[in-house]
Amino acid sequence: GVTLPSTEVANLLVSHICWANNVPIMWKFLEKALTVKIVPPMLVLALLSSRVIPSRRIRPAAYRLYMELLKRHAFSFASQINGPNYQKIMKSIDDVLHLSQIFGLQACEPGLLVVEFVFSIVWQLLDASLDDEGLLELTPEKKSRWATRTQDMEIDGHDSFDEKRTERHEGMQKINTVMAIEIIGDFLQNKVTSRILYLARRNMPSHWGCFIQHLRLLAASSSVLRTSKNITPDALLQLTSDTRRVLSRECKTSSQVAFHAVMASGSLISSAGQCHGTSRSALWLPIDLFLEDTLDGSQVLATSAVETLTGLVKSLQAVNRTTWQDTFLGLWIAALRLVQRERDPSEGPVPLLDTCLCMLLSITTLAVVNIIEEEESALIDEAERNPAGQRKEKQVPAKRRRDLVSSLQQLDDYEGLLAPPLTVSSVANQAAAKAMMFLSGLTVGSGYLDCMSLNDMPVNCSGNMRHLIVEACIARNLLDTSAYLWPGYVKGRSNQIPRSISGQMPGWSALMKGSPLTPSMVNALVSAPASRYAGTCNF
């Protein structure tokens, strides 16, 4: 009867290990529980950080195991964000780490807590590393805002007077400090966590300033950092510099090119700035960079692009405190900018336009599906828990779905972004023609559209990228054909459809009357069985 992953089991296991049962078999059991999703990883890491980091000097092995769990489970958020008990888990994390109190943000939005959680983990590792080298006293605060030292005296540890054990502990402590600093670098360069930390930088400037002071002190004065084979002081500082604030080191070249392309394209200011202003458009810059990085096929990630984009959009919406209408609009604009940057690409061995169109019409659309289904699933679960008499207006669309409709209607204001590339202009025209024929009362699926020459259609029936986005949303059940009724969606009028088109009868009857056997005719014949026509088989 326990819903998994369970916050109660997480608390039980961590309390059992710390410290009465701090033995290898229990750590293995905890790792297995994380792997099979019995316990939520973020909550387990929060519980361990509050217990292990203060005790890392007298229990260096536990600190090492904690950091190993960090490396395995602290960089995958999509499955946790989309999983059950998400809000309850984030509330428990807030209670353990006191995030709302420390950062002074009272809104307990789960997406906001994810940003605070990642920021807190990195900051705890940083202050613990400074404390290990005696550098924490050199900070302006002279201490950490996190619990970096246990209240117990170090002589309380087991075998504290064993010289060999003490020497071994000191060796492990140095190794642990190096590992902690390297994990800080991993957080700053990982695609997902670097963007989350960028959100912390933008929205919590005073806290970020304090964090950077501590990081610069570590880079300038840490002797342990200089022994690391994987990261240097300059590289650590470079990961937080203005020019690389959200760029992952493994995609350094492609991401920097993408960053400058976004900033130099002018569309960031001219297109999105029309309605929201440049500063509002800049809120969605991490989406631009993520989409550019996703085009790089050199790496295979365990988490799909759809899941990663879903988590990124939700975090941006929470931290920027925007409506879902503005969030969806920013997402569509970012994906459209990606397509527009490749409509006239420079010469190269790998054309990217088709990939960019896939990002717009497939990856982005599926991310929107995840976001909307999350809300509607929660509403369904709540309705099932309530008595039948308390269920009200269940047929009303959920707010996020309504905001999606509003964002797509508003997208019509961005004509510069909606111009289709030449290779897909005919498909966009077909999408517009489909809407016009629907309004005319013709059955679109009967074959009229395929048999029709688009040159015969009115000039005002030319389609754009919004028509393709709407068709992609209809295919994913995000919209229905009522979208064809939106003001301005169909430029022409249904009575402008040529009579020669309206009178055609694609199918078996048209074939028997002498219509040519075109590919569209073959499709119509395959999709509908032939009726029996007496006296028509005269050759």
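Since we're looking at a predicted model, the values are computed, not measured.

### Here we look at the packing of aromatic side chains
Tallied over the full model, the rule gives 14 aromatic pairs. Taking 5.4 Å as the distance between ring centres and 35° as the angle between the ring planes, the aromatic pair formed by Trp 324 and Phe 328 counts as tilted. Linking Trp 324 with Phe 328, this pair stays in helix α18 (residues 324–341), spanning four residues, or about one helical turn. Among the residues examined, Phe 328 registers a relative accessible area of 0% and is labelled buried. Site record: aromatic cluster; members linked through ring pairs are Phe 103, Phe 119, Trp 123, Trp 146, Trp 208 and Phe 211.

### A word on the packing of helix α16 (residues 285–294) against α18
Running from N to C, α16 and α18 cross one another at 45°; their axes reach a closest spacing of 9 Å. When the axes of α16 and α18 are compared, the pair comes out oblique. Remark: the crossing between α16 and α18 carries right-handed chirality. Contacts between α16 and α18 involve Ile 287, Asp 288, Leu 291 and Glu 292 from the first element and Leu 331, Ala 334, Ala 335, Arg 337, Leu 338 and Arg 341 from the second. Within the contact of α16 with α18, the residues separate by chemical class into six nonpolar, no polar and four charged.

### A few points about the nonpolar core
Core analysis: the largest hydrophobic core is formed by 136 residues, its most contacted members being Leu 48, Tyr 66, Ile 93, Phe 117, Ile 287, Trp 332 and Leu 411. Broken down by element, the residue count for this core peaks at 14 residues, all from helix α8 (residues 110–132). If you count residues domain by domain, this core takes at least three from each of domain 1 (7–149 + 172–239) and domain 2 (255–264 + 280–382 + 398–493). In this structure, Ile 93 is in contact with Met 42, Leu 43, Ala 46, His 98, Leu 99 and Phe 117, ignoring residues within four places of it in sequence.

### Examining the pattern of salt bridges
For side chains of opposite charge, pairing can occur when their charged atoms come near one another. Under the defined criterion, the tally for this structure stands at 18 salt bridges. Ionic pairing is found between Lys 91 and Asp 95, a salt bridge with its closest N-O pair at 3.0 Å. Taken together, the residues span about one helical turn, with Lys 91 and Asp 95 both in helix α6 (residues 86–97) at a distance of four residues. Its relative accessible area of 44% is what places Asp 95 among the partly exposed residues. Between Glu 374 and Arg 400 there is a salt bridge; the shortest N-O distance is 3.0 Å. Residue Glu 374 is found in helix α19 (residues 353–385), and its partner Arg 400 is found in helix α20 (residues 399–410); the two are separated by 26 residues along the sequence. Assessed through its relative accessible area of 24%, Glu 374 is described here as partly exposed. You can call Arg 400 buried: its relative accessible area is 14%. Several salt bridges share partner residues, and in doing so they unite Arg 56, Arg 57, Asp 131 and Asp 132 into one network.

### Remarks on unusual backbone geometry
Cis geometry is adopted by the peptide bond preceding Pro 5, which originates at Leu 4 and carries an omega value of 0°. Mapped onto the fold, Pro 5 is located in the segment before α1 (7–17). Residue Trp 19 is bonded to the preceding Cys 18 through a cis peptide linkage, with omega at 0°. When you line up the elements, Trp 19 lands in the loop between α1 and α2 (24–35). Despite not being glycine, His 98 has its phi angle at roughly 55°, a positive value. Here His 98 shows up in the loop between α6 and α7 (99–103). For His 98, a relative accessible area of 43% gives the class partly exposed. A positive phi angle, close to 65°, is found at Asn 477, a residue other than glycine. Considering the arrangement of structural elements, one finds Asn 477 in the loop between α24 (465–475) and α25 (499–502). For Asn 477, a relative accessible area of 62% puts it in the exposed group.

### Section: the side chain of Glu 31
Following the sequence through the fold, Glu 31 ends up in helix α2. Under the relative-accessibility criterion, Glu 31 is labelled buried at 16%. Reaching out from Glu 31, the side chain makes a polar contact with the side chain of Arg 72 at a distance of 3.2 Å. Discounting chain neighbours no more than four positions away, the residues touching Glu 31 are Leu 69, Arg 72 and His 73.

### Considerations on helix α3 (residues 41–52)
When the terminal C-alpha atoms of α3 are compared, their 15 Å separation across 12 residues agrees well with the 16 Å that a helix rising 1.5 Å per residue should span. Most of α3 sits inside the fold, with 10 of its 12 residues counted as buried. Considered for burial, the residues of α3 that qualify are Pro 41, Met 42, Leu 43, Val 44, Leu 45, Ala 46, Leu 47, Leu 48, Ser 49 and Val 52. Looking at the buried residues of α3, the elements they touch are α1, α2, α4 (60–73), α5 (78–81), α6 and α8.

### Focus: the confidence of the model for the chain
On average, residues of the chain carry a pLDDT of 79, and 73% of them reach 70 or more. The least confident element of the chain is helix α14 (residues 267–270), whose mean pLDDT is 37; the most confident is α3, at 96. Throughout residues 498–505 the model reports pLDDT below 50, and contacts reaching past four residues in sequence, or to other chains, amount to 12 contacts. Low pLDDT (under 50) marks residues 533–539, which in the prediction has two contacts with non-local residues, meaning those over four places away or in another chain.

Rules used in this analysis
Residues numbered from 1 in each chain as written. Predicted model: local features only at pLDDT ≥ 70, side-chain atom pairs only at ≥ 80, totals over all residues. Heavy atoms only, no water. Phe/Tyr/Trp six-rings, centres within 6.5 Å; stacked < 30°, edge-to-face > 60°. Helix = DSSP H or I, 4+ residues; strand = E, 2+ residues; numbered from the N terminus. Buried < 20%, exposed > 50% of the residue type's maximum accessible area, 1.4 Å probe, protein only. Axes fitted to C-alpha atoms, helices over the stretch in contact; angles between N-to-C directions. Parallel < 35°, antiparallel > 145°, perpendicular 65-115°, else oblique. Left-handed = near helix turned anticlockwise from the far one by under 90°. Contact = heavy atoms within 4.5 Å. Nonpolar A, V, L, I, M, F, W, Y, C, P; charged D, E, K, R; others polar. Core = buried A, V, L, I, M, F, W, Y, C linked by side-chain atoms within 4.5 Å. Domains from an automatic or database assignment. Salt bridge = Lys/Arg side-chain N within 4 Å of Asp/Glu carboxyl O. Polar contact = N/O pair within 3.5 Å; in protein donor to acceptor, adjacent residues only side chain to side chain. Expected span 1.5 Å × (residues − 1). pLDDT = per-residue confidence, 0-100.

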